[in-house]
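Below are the chains, spelled out letter by letter.
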Amino acid sequence: MTPEPTGHPRGIYTLFFTEMWERMSYYGMRALLVLFMVDQVQKGGMGLTDETATAIYGLYTAVVYMAALPGGWIGDRLLGAKSAVWYGGIVIALGHLVLGIHRVETFYVGLLIVALGSGLLKSNMSALVGQLYPEGGARRDAGFTLFYMGINLGGFMGPMICSGLGESIGWRWGFMAAAAGMFLGLVQFKLTRHKIAEYGNRMEHPGQNVRREWLVFSAAMLLTVVFTVLCVAGVIHLDVMWLSKWTASVIVAIASLFFLWAFGFAGLNTEEKKRLGVIVVLFLASALFWAGFEQVGSSFSIFAERFTQRQFLGFEIPAGWFQSLNPLMVIGLAPLIAVIWVKLAKRNLAPSLTVKVSWSLLMLAIGFAVAAWAAQRALSTGPVWPTWLMSVVLIHTLGELFLSPVGLSAVTKLSPPRLTGQMMGIWFLGSALGNILAGLLAGEVTGDATAQMPARFMDVVATAGISGLVLLLLAKPITKLMPGIK
């Protein structure tokens, strides 16, 4: 593929804008999700308690990332990454349309459809980006950081548009705006698909029985549909809190079984097994980081609505707009961070992957120390200035830039080529675990448990801080497991 004058392959711009519109739809809907669920029924909301709403939020975001594992398998073995991205986008758009119907019965169905489509698109989109940079190295890191800017440009637009419409005009309009965003992403992908024509096609697998695997996939989808129908019809009753805790246990079990299979039965050589060990470390660090970071859509969203002064020149700033702060900061900081990594690499001074991840956990701890202080002031004296929440988001954004783009890049470099899609699914499964834990944590610091907010936030400070320091001390031995990869 002929590179642009910037040094990046042309296909990166196809993926950049497709991901931008998909993230616009995802983050736009996410920004209004908890606020919609806790809003009064008379105002068009669902009237749920904070604990239930944040648990549902955690379940939804967790399923998005959980679906990335089978989504990666579908892309690896059945469709190819390119087709998986296309069909995943179609499913996402349909899900947002269902949410726009604005009925309780269809609300949960719409969430499930969006989550499944996102899982199919996410892991395969990242795998496609990795294929554009077969040489690896700092250039791939820069490419993933550029791609990450597309994610955050969409993440900035989404809350501004969807939450702005949802909070000011009506929740339905916010959901429909998310559907429109995904539709634009599909149009853009279709029009520029020729730029990635040689990438993302389905690969042949020795001994694969394609017909049997399609039957397995079809059976799984049929079971999902039947289960969903039974839940909507009231035949099966699910307790959200129980389901959240059970789901967290299932995620841990799935990840454990997958790693056991990969170590023992995937036919990996010694070098590949060492690199797989590093992916295990990344999985655990990712889960911990996102458990804290994802408070932005749950407890921090409620904090923005109830404990933050939002009046500005006679205009009340929508609470969901605060969720545009993180992507806006990423857009500003990501190019700077990318340039720093490349320049340090040229001088052989770049910090190792493990050091970057340890810094992300330490940043998470510092941010929650500020959040605990802000929560204590809000509970004592009333709503606080938005600068408190902005400071927390800034610190967590720096942590995100140390973890997420380099983590995406590292997994593509560390994974055996035949397992790349599934390894990306495992990476996102770590995010799923973090999201489900985030929802449970949010339920412990909102509603009737609001008084516990400062103490629970300090628990996060201790956990993330200690983990970051331990990882920093183990940076050198972990780096030795992946020679040639920084």
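For the structure itself, consult the block above.
Quantities reported herein were computed from a predicted structural model and do not represent experimental measurements. (Residues numbered from 1 in each chain as written. Predicted model: local features only at pLDDT ≥ 70, side-chain atom pairs only at ≥ 80, totals over all residues. Heavy atoms only, no water.)

Visitor: Would you take a moment to explain the overall build of the chain for this structure?
Guide: On a plain count of helices and strands, the chain comes out with 17 helices and two strands. Its C-alpha radius of gyration of 21 Å places the chain within 12% of the 23 Å reference for a compact globule of 486 residues. Once the C-alpha set of the chain is aligned to its principal axes, its extents read approximately 60 × 50 × 45 Å. When burial is assessed residue by residue, the chain has 57% of its 486 residues classed as buried. (Helix = DSSP H or I, 4+ residues; strand = E, 2+ residues; numbered from the N terminus. Rg over C-alpha atoms; globule rule 2.2 N^0.38 Å. Buried < 20%, exposed > 50% of the residue type's maximum accessible area, 1.4 Å probe, protein only.)

Visitor: Could you clarify how one ought to interpret the side chain of Thr106 in this entry?
Guide: Relative to the assigned elements, Thr106 resides in helix H5 (residues 104–131). Discounting residues that sit within four places of it in the chain, Thr106 has contacts with Val98 and Ile101. (Contact = heavy atoms within 4.5 Å.)

Visitor: Help me understand the packing of helix H13 (residues 353–381) against helix H16 (residues 453–473) in this model?
Guide: Helix packing geometry: the angle between the two helix axes and the distance between the axes. In the contact formed by H13 and H16, the axes pass within 8 Å of each other and the chain directions differ by 165 degrees. With respect to their mutual orientation, H13 and H16 come out roughly antiparallel. Our pair here, H13 against H16, has a crossing hand that is left-handed. Classifying every residue of the contact of H13 with H16 by side-chain character gives 23 nonpolar, six polar and no charged. (Axes fitted to C-alpha atoms, helices over the stretch in contact; angles between N-to-C directions. Parallel < 35°, antiparallel > 145°, perpendicular 65-115°, else oblique. Left-handed = near helix turned anticlockwise from the far one by under 90°. Nonpolar A, V, L, I, M, F, W, Y, C, P; charged D, E, K, R; others polar.)

Visitor: Just checking my understanding: could you explain the packing of aromatic side chains for this structure?
Guide: Each aromatic ring pair is summarised here by two numbers: the centre-to-centre distance and the angle between the ring planes. Within this structure, the stated rule accounts for 23 aromatic pairs. Ring centres of Tyr26 and Tyr60 lie 6.2 Å apart, and the angle between their planes is 25 degrees; on these two criteria the pair is classed as stacked. Pair noted here: Tyr26 is in helix H1 (residues 11–38) and Tyr60 is in helix H2 (residues 50–66), with a separation of 34 residues, a long-range link. Considered together, Tyr26 and Tyr60 belong to a single accessibility category, that of buried residues. Here Trp214 and Phe217 contribute two aromatic rings whose centre-to-centre distance is 5.7 Å and whose plane-to-plane angle is 80 degrees, an arrangement assigned as edge-to-face. Of the two residues, Trp214 and Phe217 are both situated in helix H8 (residues 210–232); the distance of three residues between them amounts to about one turn of the helix. Residue classification places Phe217 among the partly exposed residues on the basis of a relative accessible area of 24%. Members of the aromatic cluster, connected to one another through ring pairs, are Phe36, Phe107, Tyr108, Trp171 and Phe175. It is Lys190 that lies over the ring of Trp86; its NZ or CZ is 4.9 Å from the centre. (Phe/Tyr/Trp six-rings, centres within 6.5 Å; stacked < 30°, edge-to-face > 60°. Lys NZ or Arg CZ within 6 Å of the ring centre and 35° of its normal.)

Visitor: Explain the side chain of Lys122 to me, please; I cannot follow it from the model alone.
Guide: Residue position: Lys122 is located in helix H5. Here Lys122 sits buried without a salt bridge, and the closest side chain of opposite charge, Glu19, lies 5.1 Å off (N-O distance). Residues contacting Lys122, with those up to four places away along its chain left out, are Arg23, Val64, Tyr65 and Phe428. (Lys, Arg positive; Asp, Glu negative; His and termini not counted. Salt bridge = Lys/Arg side-chain N within 4 Å of Asp/Glu carboxyl O.)

Visitor: Looking at this structure, how should I read helix H9 (residues 240–265)?
Guide: The α-helix advances 3.6 residues per turn, and as a result positions three or four apart in sequence lie on the same side. Here H9 contains 26 residues, and its C-alpha end-to-end distance of 36 Å stays within 8% of the 38 Å for a straight helix at 1.5 Å per residue. Listed in full, the buried residues belonging to H9 are Met241, Ser244, Thr247, Ala248, Ile251, Ala255, Phe258, Phe259 and Ala262. One or two positions beyond H9, positive phi appears at Gly267, with a value near 70 degrees. (Expected span 1.5 Å × (residues − 1).)

Visitor: Got a minute to help me understand a nonpolar patch on the surface in this structure?
Guide: Side chains of Phe183, Leu184, Val187 and Leu191 sit close together on the surface and give an oily, nonpolar patch of about 390 Å² of accessible area. Structurally, Val187 can be placed in helix H7 (residues 171–191). Given the relative accessible area of 35%, Val187 is considered partly exposed. (Patch = residues over 30% accessible without salt bridge, like charges linked within 9 Å, V, L, I, M, F, W, Y side chains within 5 Å. Areas by Shrake-Rupley, 256 points an atom, 1.4 Å probe, with all protein chains shown as cover.)

Visitor: Just to check I follow, could you spell out H5 for this structure?
Guide: Over its 28 residues, H5 extends 42 Å from the first C-alpha to the last, a length consistent with the 40 Å expected when each residue adds 1.5 Å. Counting buried positions along H5 yields 20 of 28 residues, so the element is predominantly enclosed.

Visitor: Before we go on, may I ask you to explain the environment of Trp261 in this structure?
Guide: Tracing the chain through its elements places Trp261 in helix H9. Overall, Trp261 belongs to the partly exposed group, its relative accessible area being 33%. Taking the C-alpha atoms as reference points, Trp261 and Leu389, 128 residues apart in sequence, are found 43 Å from one another. In contact with Trp261, other than residues within four places in its own chain, are Ala266 and Leu419.

Visitor: Could you clarify how one ought to interpret the pattern of salt bridges in this entry?
Guide: Pairing between side chains of opposite charge can happen when their charged atoms approach one another. Applying the stated rule across the entire model yields nine salt bridges. One salt bridge connects Arg23 with Glu19, and the closest N-O pair in it is separated by 4.0 Å. Pair noted here: Arg23 and Glu19 are both in helix H1, with a separation of four residues, about one helical turn. In this structure, Arg23 and Glu19 share a single accessibility class: buried. A salt bridge links Glu213 to Arg77, with the shortest nitrogen-to-oxygen separation between them at 2.8 Å. Of the two residues, Glu213 is situated in helix H8 and Arg77 in helix H3 (residues 68–79); the sequence distance between them amounts to 136 residues. Each of the two residues, Glu213 as well as Arg77, counts as buried.

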